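Okay, here's what each chain looks like letter by letter:
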Amino acid sequence: MSRDPGTHTTGWDRALTVRAAVATVAALLAFVGCGAVLPGVGGADGTGVGPGVTADAVTVVFVGTDLTRTANLTGFNTASAGDPVRQMRALESHVNANGGIAGRRMRAVFRNYEASDDSPAAEEKLCNQITQDDRAFAVVLTGQLQANARPCYAQRHTLVLDATLITIDQATNERLAPYLFAPAYPAYDDFVRAYLPALAAQGFFDGARQAGIVAVDAPANRAMYEQHVVPYLKQREITPTVAWIDSTDLGTLNTGLNQAAVDLRAKRVERVFFLGGTRLASFFLTSASAQGFTARYGISSYDNPSFLIGNPDIIPREALTGAVGIGFNPSQDVADREYAFPATDPERACLGIFAAAGESFGTRENARVAFPYCDAVLLLQTGAKDLGADLNAHRWLAAVGRLDTQFQPATGFSGRLGPDRFAASNGYRAFGYDSGCACFTYRGEDVSFATR
């Protein structure tokens, strides 16, 4: 049974949480490898089996990111996410009682990852454990931020089912194909293309001649800024001022955010939005308040609105006045009173799987780790259904590409799959801050990110 939803813990979470302030993410500027490709791995040509596949079993590793020490360092509160090991076992039991994966038993393995120790070396160690010791066919990643992580798994031919809100663009997905897929979240390119028009539709840019962009300094963000943000703002005759934030450690993060607030205040910028997640909005709002800077903010699920609301002693509520954006992750967008829980058939299906193993959730936010776990496993099972002797990442990705709208993530609103797509979620809703309830609320119905 999960903890009382009214209480808070500083433990498990798959989101890109406060670890952005303490984790070293220097490698975000370039992708690097983490060792030689293992010899003798099948499936590279689309035939045979991938690593971790035997005649009767498939090994799937679940990473649980432990934030206990990290949260103690920062003082931030995060709602309980229950027991990830029990959630994993519930999914293992369900899959094995319903045909397994390509007719094989799923062998689930849990790996704990200490967020406060995060570094490229720690990510490489985790990758080695999962690919060499566990010999995983697939790994469900939760919160691994270092740039060497995903290329490492791709080099080892291990499929990454990414349950992390991290900025991975289409070019990166294509480079690492077929070993990187997001079963619970949208494609980052689709998100950015939808984000700015959705802000505009809510009047965010009305009367503005300048806009500030606070962004994690990462390749995907720089690409999205040049390809989408600059052209969009130019078309509206709005001058962009971008602050690239080095989130290597607490020192560089604070220095960058304080300087960004000073610069934006000096230029009298009145509209600011964020790219990159990793709790950048939370830290910027705190720094901006200390610098006497105020603006109207544009945010998204990457900024975890529930986290902004849940830490009023650190993030001033008045700073959220007028904030608008888009959300695709109800578990961390709005409270259940604003969006009934459960609301969709996929949510109910996943809750039923966990309930059968004695794991329940008082609120949707308590299920924010369990739902992406569930999405990853069910999509893995669905895509592998008819693969038989050729259970490998190449064949799996091709099979998933034929599902179209048949798979809907429990984590989001709607799903869309197809050739050259590496993310399953395809729906969002506009939202905004309501000072009356001191909460974020959805505005309008679901909108599709992509139609292709």
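As a reminder, the structure under discussion sits directly above these lines.
Everything numeric in this text was worked out from a predicted model, so none of it was measured. All chains use their own residue numbering, which begins from 1 and follows the written sequence. Predicted model: local features are reported for residues with pLDDT of at least 70 only, side-chain atom pairs are reported and counted for 80 or more only, and whole-chain, interface and lining totals are derived from all residues. The side-chain figures draw on all heavy atoms in the structure; neither hydrogens nor water molecules are used.

Let's talk about the overall build of the protein chain
Item 1. Within the protein chain, the regular secondary structure consists of 14 helices and 14 strands.
Item 2. We call a residue buried when its accessible area falls under 20% of the maximum for its residue type, exposed when it is over 50%, and partly exposed in between, using a 1.4 Å probe and counting protein chains only. Looking at the 452 residues of the protein chain, the share that counts as buried comes to 62%.
Item 3. Here, residues are in contact when the closest pair of their heavy atoms is within 4.5 Å. Sequence separation of 24 or more characterises 75% of the internal contacts of the protein chain that already satisfy a separation of 6 or more.
Item 4. Entry remark: accessible area of the protein chain is about 15,900 Å², with carbon and sulfur atoms responsible for 49%. Every helix listed is a DSSP run of H or I at least four residues long, and every strand listed is a run of E at least two residues long, numbered separately from the N terminus. Note on areas: Shrake-Rupley with a 1.4 Å probe; residue coverage comes only from the protein chains shown.

Digging into the sheet that holds strand E6 (residues 159-162)
What holds strands together in a sheet is hydrogen bonding between their backbones, with the strands either parallel or antiparallel.
Item 1. Taken together, the five strands give an open sheet; going across it, the order is E4-E2-E5-E6-E7, and neighbouring strands pair in parallel fashion. Of all the strands in the sheet, the pair left with one neighbour each is strand E4 (105-114) and strand E7 (180-181).
Item 2. Paired strands are those between which DSSP finds at least two bridges. Bridge count for strand E2 (residues 57-66) against E4 is 10 bridges, and the pairing is parallel. Considered in E4, the bridge of Val-63 is made with Arg-111.
Item 3. Its contacts with the sheet place helix H2 (residues 84-97) against E2 and E4, and it is angled at close to 165° to E4. Angular values range over 0 to 180 degrees, each being the angle between N-to-C directions of two axes fitted as lines to C-alpha atoms, with helices fitted over their stretch in contact.

Considering the sheet that holds strand E8 (residues 210-216)
Item 1. Taken in spatial order, the seven strands of this open sheet run E9-E8-E10-E11-E12-E13-E14, and their pairing is mixed. Each edge of the sheet is formed by a strand with only one pairing partner; in this case those strands are strand E9 (239-245) and strand E14 (439-448). Strand-to-strand, the axes of this sheet are offset by a mean angle of 20°, without reference to chain direction.
Item 2. Sheet topology note: the E8/E9 ladder contains seven bridges and is parallel. By the bridge assignment, Gln-210 is partnered in E9 with Thr-239.
Item 3. Relative to E9, helix H7 (residues 219-235) is tilted by about 165°, and along the sheet it contacts E8, E9 and strand E10 (271-275).
Item 4. Packing of helix H9 (residues 280-290) onto the sheet brings it into contact with E8, E9, E10 and strand E11 (296-300), and relative to E10 it is tilted by some 145°.

Description of the environment of Glu-338
Item 1. Mapped onto the fold, Glu-338 is located in the loop between helix H11 (330-333) and helix H12 (345-355).
Item 2. Along the primary structure Glu-338 and Thr-441 are separated by 103 residues, whereas in three dimensions their C-alpha atoms are 6.1 Å apart.
Item 3. Not counting the four nearest positions on each side in its chain, Glu-338 is found in contact with Cys-437, Cys-439, Phe-440 and Thr-441.

Focus: H2
Item 1. By this rule the span expected of a helix is its residue count minus one, scaled by 1.5 Å. Between its terminal C-alpha atoms H2 stretches 20 Å, which fits the 20 Å expected from 14 residues at 1.5 Å a residue.
Item 2. All of the buried residues along H2 are Pro-84, Gln-87, Met-88, Ala-90, Leu-91, Glu-92 and Val-95.
Item 3. Where H2 is buried, its residues meet E2, E4, H12 and helix H13 (370-384).
Item 4. We define a polar contact as two N or O atoms separated by no more than 3.5 Å, with the added condition that, inside protein, one atom must be a possible hydrogen donor and the other a possible acceptor, whereas residues neighbouring each other in sequence contribute only through side-chain atom pairs. One side-chain oxygen at the N-terminal end of H2 lies 3.0 Å from the backbone nitrogen of Val-85; it belongs to Asp-83.

Let's talk about the pattern of salt bridges
Item 1. Between Lys or Arg on one side and Asp or Glu on the other, a salt bridge is scored when a side-chain nitrogen of the former is within 4 Å of a carboxyl oxygen of the latter. For the structure shown, the criterion picks out 16 salt bridges.
Item 2. Across the pair Asp-404 and Arg-416 runs a salt bridge whose closest N-O atoms are separated by 3.3 Å. A residue pair is termed long-range when its members are at least 10 positions apart, and Asp-404 in the loop between helix H14 (393-400) and strand E13 (427-434) and Arg-416 in the loop between H14 and E13 qualify at 12 residues.
Item 3. Owing to a relative accessible area of 22%, Arg-416 belongs among the partly exposed residues under this scheme.

Some points on the state of the cysteines
Item 1. Note that a disulfide, as used here, is simply two cysteine sulfur atoms within 2.5 Å. This structure, assessed with the given rule, holds three disulfides.
Item 2. Paired by a disulfide, Cys-127 and Cys-152 hold their sulfur atoms 2.1 Å apart. Torsion about the S-S bond of the Cys-127 and Cys-152 cystine: about -95°, corresponding to left-handed handedness. Placement of the pair is Cys-127 in helix H3 (residues 120-133) and Cys-152 in helix H4 (residues 149-155), with a sequence separation of 25 residues. Of the two residues examined, Cys-127 and Cys-152, each falls in the buried class.

With respect to the packing of aromatic side chains
Item 1. Put simply, two rings from Phe, Tyr or Trp (the six-membered ring, in Trp's case) pair if the centres are within 6.5 Å, and we call them stacked under 30 degrees between planes, edge-to-face over 60, tilted for the rest. Per the stated rule, a full pass over the model turns up 27 aromatic pairs.
Item 2. Aromatic pair Phe-191 and Phe-328: ring centres 6.1 Å apart, planes at 75°, arrangement edge-to-face. Note that Phe-191 is positioned in helix H6 (residues 188-201) and Phe-328 in the loop between strand E12 (324-327) and H11, a separation of 137 residues in sequence. For the pair formed by Phe-191 and Phe-328, the shared burial category is buried.
Item 3. Judged by centre distance (4.8 Å) and plane angle (40°), the ring pair of Tyr-428 and Phe-449 falls under tilted.

Things to note about unusual backbone geometry
With the exception of glycine, most residues fall at negative phi, and the peptide bonds are largely trans.
Item 1. In this structure, Pro-178 follows Ala-177 across a cis peptide bond, with omega equal to 0°.
Item 2. Here the bond from Phe-341 into Pro-342 is cis, since omega is -5°, no more than 30 degrees from zero.
Item 3. Position of Pro-342 relative to the elements: it lies in the loop between H11 and H12.
Item 4. The backbone of Glu-237 shows a phi angle near 55°, a positive value even though the residue is not glycine.
Item 5. If you trace the backbone, Glu-237 turns up in the loop between H7 and E9.
Item 6. Residue classification places Glu-237 among the exposed residues on the basis of a relative accessible area of 61%.
Item 7. In this model, Asp-404 sits at a positive phi of 55°, which is unusual for a non-glycine residue.

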